[in-house]
Amino acid sequence: MTHTTASSRLFESTSLGPLALPNRLVMPPLTRNRAGADGVPRPLMVTHYAQRATAGLIIAEGTTPNAVGQTYPNIPGIHTDAQVAGWRAVTDAVRAGGGRMFLQLQHGGRVGHPDNSGHRPVAPSPVALPETIHTPSGRQEAVVPREMTADDIRETVADFAAAARRAVDAGFEGVEVHAANGHLLHQFLAKNTNRRTDGYGGPVEHRVRFAVEVVRAVVDAIGADRVGVRISPGVTVNGVEEGDTNEIYAALVPALAALDPVYLHVIFADPGQPLYRRIRAAWPHTLIANPVLGFGGPLPADGGKAAGERLLDAGADLISLGRAFLANPDLVERLRLGAPLNPLRETNWMYSGDEAGYNDYPTLAGTAAPAAV
């Protein structure tokens, strides 16, 4: 079968702080639950990421900065020496394939369960997740989290900074602080999950404080050009209802920009929405945009290429495409050639723990992508 190539800014080389990127396509954090029960990355994760090393940038899946922050079973961590060593095998393989990696630091907050972490979840307020949560014995009702004390907040900020240092030790070029999708930092931002009356609750200026303190600590730990931040304005995943979305991000984005992190990663970005345009105007550094591709619906035949190009035209610098990278280890080449994409196999996305639907998607050559060596 013959494919034709077409020029696109997606395939231009560019830079991210001191990093040279061969293209503008980013593999975003994609939770796949393939780590060991101890949070140590397994060899099949080495293969998975190495297969996708042609991405301009890989941002590895959400990884817990401390034990209590664990969300689901088999989520990787970055708070023990064994976890650092496991991630070092991943980054070595990706670098050998010509790739570059950041690591997303993700604290679940109330999105967790004692059967997953060994701890009662903590959160800004004692408001339970309004849905069941996956555990090793099946789905269970969420527990009411413990409201974080001032000491808990200080310790968690310090844990993020320590995790960032460990990530650099593990060979990552940097970290992405996860302030999106209803996890801990987002819970502090949102009205329905933050009912505090101290300096971290109430007015918007107080609710953004924890996220800003975390990012400041991470920047101080490893340097601003190694730090990115992910946000999800208006997204209601994990039961979050922000309540005053426009005001939150009008306060948060400039406060983050003052710390000079190298990028801001906006998920479900819509260039037609005024809030996205305001965020782009307020953010002076690299903007990674993740396009709206019908969350939960079918993936476009082009994997999001056209939507990504529209975002580039609207001022984005890099484009992250999630599900397309799940099923296509050679996504960059497929999009460059206009070649068809592999169909998604959603039943294997999470919790299976094996290679099926993870490392067995074929390349254009018709064979499974090679394992890392």
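Every chain is numbered independently, its residues counted from 1 as its sequence is written. Selection of residues for local features in this predicted model requires a pLDDT of at least 70, selection of side-chain atom pairs for listing and counting requires 80 or more, and totals for whole chains, interfaces and linings are taken over all residues. Only hydrogens and water are set aside when side-chain values are computed; all heavy atoms of the structure are taken into account.

## Some words on the overall build of the protein chain
Under the DSSP-based scheme used, a helix requires at least four consecutive residues in state H or I and a strand at least two consecutive residues in state E, with every element numbered from the N terminus. Helix and strand content of the protein chain: twelve helices and 14 strands. Since a compact globule built from 373 residues should have a radius of gyration of about 21 Å, the 19 Å found for the protein chain is in line with a globular shape. Within the protein chain, buried positions represent 59% of all 373 residues. Long-range pairs, those at least 24 residues apart, make up 71% of the contacts in the protein chain between residues at least 6 apart in sequence. Averaging the locations of the 33 positively and 37 negatively charged side chains of the protein chain gives two centres separated by 2 Å. Two things to know: the radius of gyration comes from C-alpha atoms, and the globule rule equals 2.2 Å times the number of residues to the power 0.38. Under the scheme applied here, a residue whose accessible area is under 20% of the maximum for its type counts as buried, over 50% as exposed, and between as partly exposed, the area being computed with a 1.4 Å probe on protein chains only. Residue contacts follow a heavy-atom distance rule, with two residues in contact if any of their heavy atoms lie within 4.5 Å. Asp and Glu count as negative and Lys and Arg as positive, but His and the ends of the chain are not part of the count. Charge placement uses NZ in Lys and CZ in Arg. For Asp and Glu, CG and CD serve respectively.

## Brief notes about the sheet that holds strand E10 (residues 174–179)
At least two DSSP bridges between two strands are needed for those strands to be called paired. A barrel is described by the order of its strands in space; here eight strands give the closed sequence E3-E4-E5-E10-E11-E12-E13-E14, paired in parallel fashion. Across the sheet, the axes of successive neighbouring strands diverge by a mean angle of 25°, strand direction being ignored. Of the strand pairs in this sheet, strand E4 (residues 57–63) and strand E5 (residues 101–105) are connected by four bridges, and their pairing is parallel. The partner of Ile 58 across the bridge, within E5, is Met 101. What counts as an axis is a line fitted to C-alpha atoms, over the stretch in contact for a helix, and the angles between N-to-C directions run from 0 to 180 degrees.

## Quick word on the packing of helix H7 (residues 209–222) against helix H8 (residues 245–257)
Contact geometry of H7 with H8 gives a least axis separation of 10 Å together with a crossing angle of 15°. With respect to H8, the element H7 is oriented roughly parallel. Helix-helix and strand crossings are classified by hand; for H7 and H8 the assignment is right-handed. Contacts between H7 and H8 involve Ala 211, Val 212 and Val 215 on the former and, on the latter, Leu 252, Ala 255 and Leu 256. When grouped by side-chain class, the residues that make up the contact of H7 with H8 number six nonpolar, no polar and no charged. Should an angle fall under 35 degrees it is taken as roughly parallel, and over 145 as roughly antiparallel, whereas 65 to 115 is taken as roughly perpendicular and any remaining angle as oblique. What makes a crossing left-handed is the near helix being turned counterclockwise from the far one by less than a right angle; a clockwise turn instead makes it right-handed. Three categories are distinguished: nonpolar for Ala, Val, Leu, Ile, Met, Phe, Trp, Tyr, Cys and Pro, charged for Asp, Glu, Lys and Arg, and polar for the others, with Gly belonging to the last.

## A closer look at the pattern of salt bridges
Salt bridges are identified by distance alone: a Lys or Arg side-chain nitrogen within 4 Å of an Asp or Glu carboxyl oxygen. Across all of its chains, the model carries 17 salt bridges by this definition. For Arg 207, the salt bridge is made with Asp 244, and the minimal N-O distance between the two is 2.6 Å. Taken together, the residues span a long stretch of sequence, with Arg 207 in helix H6 (residues 204–207) and Asp 244 in the loop between strand E11 (227–231) and H8 at a distance of 37 residues. Owing to a relative accessible area of 12%, Asp 244 belongs among the buried residues under this scheme. Overlapping salt bridges, with partners in common, bring together Arg 9, Glu 12 and Arg 24 in one network.

## Considering the pairing of strand E7 (residues 132–135)
For E7 and strand E8 (residues 138–141), the ladder comprises four bridges, and the chain directions are antiparallel. When the bridges of E8 are listed, Thr 135 appears paired with Gly 138.

## Here's the deal with the environment of Ser 8
Looking at the element boundaries, Ser 8 is found in the segment before strand E1 (14–16). For Ser 8, a relative accessible area of 13% corresponds to the buried category. Placed 298 residues apart in sequence, Ser 8 and Ala 306 show a C-alpha to C-alpha distance of 9.7 Å. Those residues in contact with Ser 8 that sit more than four places away from it in its chain are Lys 305 and Glu 309.

## Here we look at the environment of Leu 321
Relative to the elements of secondary structure, Leu 321 occurs in the loop between strand E14 (318–320) and helix H11 (322–327). Take Leu 321: its relative accessible area is 1%, and that puts it in the buried class. Not counting chain neighbours up to four residues away, the residues in contact with Leu 321 comprise Leu 25, Val 26, Pro 28, Asn 290, Pro 291, Leu 293, Gly 303, Gly 304, Leu 331 and Leu 335.

## Let's talk about the nonpolar core
Within soluble globular proteins, side chains that are nonpolar tend to cluster in buried spots. Buried Ala, Val, Leu, Ile, Met, Phe, Trp, Tyr and Cys residues that are joined via side-chain atoms within 4.5 Å together make up what is termed a nonpolar core. Trp 87, Ile 231 and Leu 264 are the most contacted members of the largest nonpolar core, which totals 91 residues. The dominant element in this core, judged by the number of residues it contributes, is H7, at nine residues. Beyond its immediate stretch of four places on either side in the chain, Ile 231 contacts Ala 179, Ala 180, Tyr 249, Leu 252, Val 253, Leu 264, His 265, Val 266, Ile 267 and Ile 279. Of all hydrophobic cores here, the second largest spans eleven residues; its members include Leu 19, Val 26, Leu 57 and Leu 318.

## Points about the packing of aromatic side chains
Two rings from Phe, Tyr or Trp (for Trp, the six-membered ring) form a pair when their centres are within 6.5 Å of each other. A pair whose planes differ by under 30 degrees is stacked, one over 60 is edge-to-face, and the rest are tilted. Tallying each qualifying case throughout the model produces five aromatic pairs. With a centroid separation of 5.6 Å and 45° between ring planes, the pair formed by Phe 102 and Tyr 263 is classed as tilted. Of this pair, Phe 102 sits in strand E5 while Tyr 263 sits in strand E12 (residues 263–269), placing them 161 residues apart in sequence. Its relative accessible area of 1% is what places Phe 102 among the buried residues. Assessed through its relative accessible area of 0%, Tyr 263 is described here as buried. Taking 6.3 Å as the distance between ring centres and 75° as the angle between the ring planes, the aromatic pair formed by Phe 188 and Tyr 200 counts as edge-to-face.

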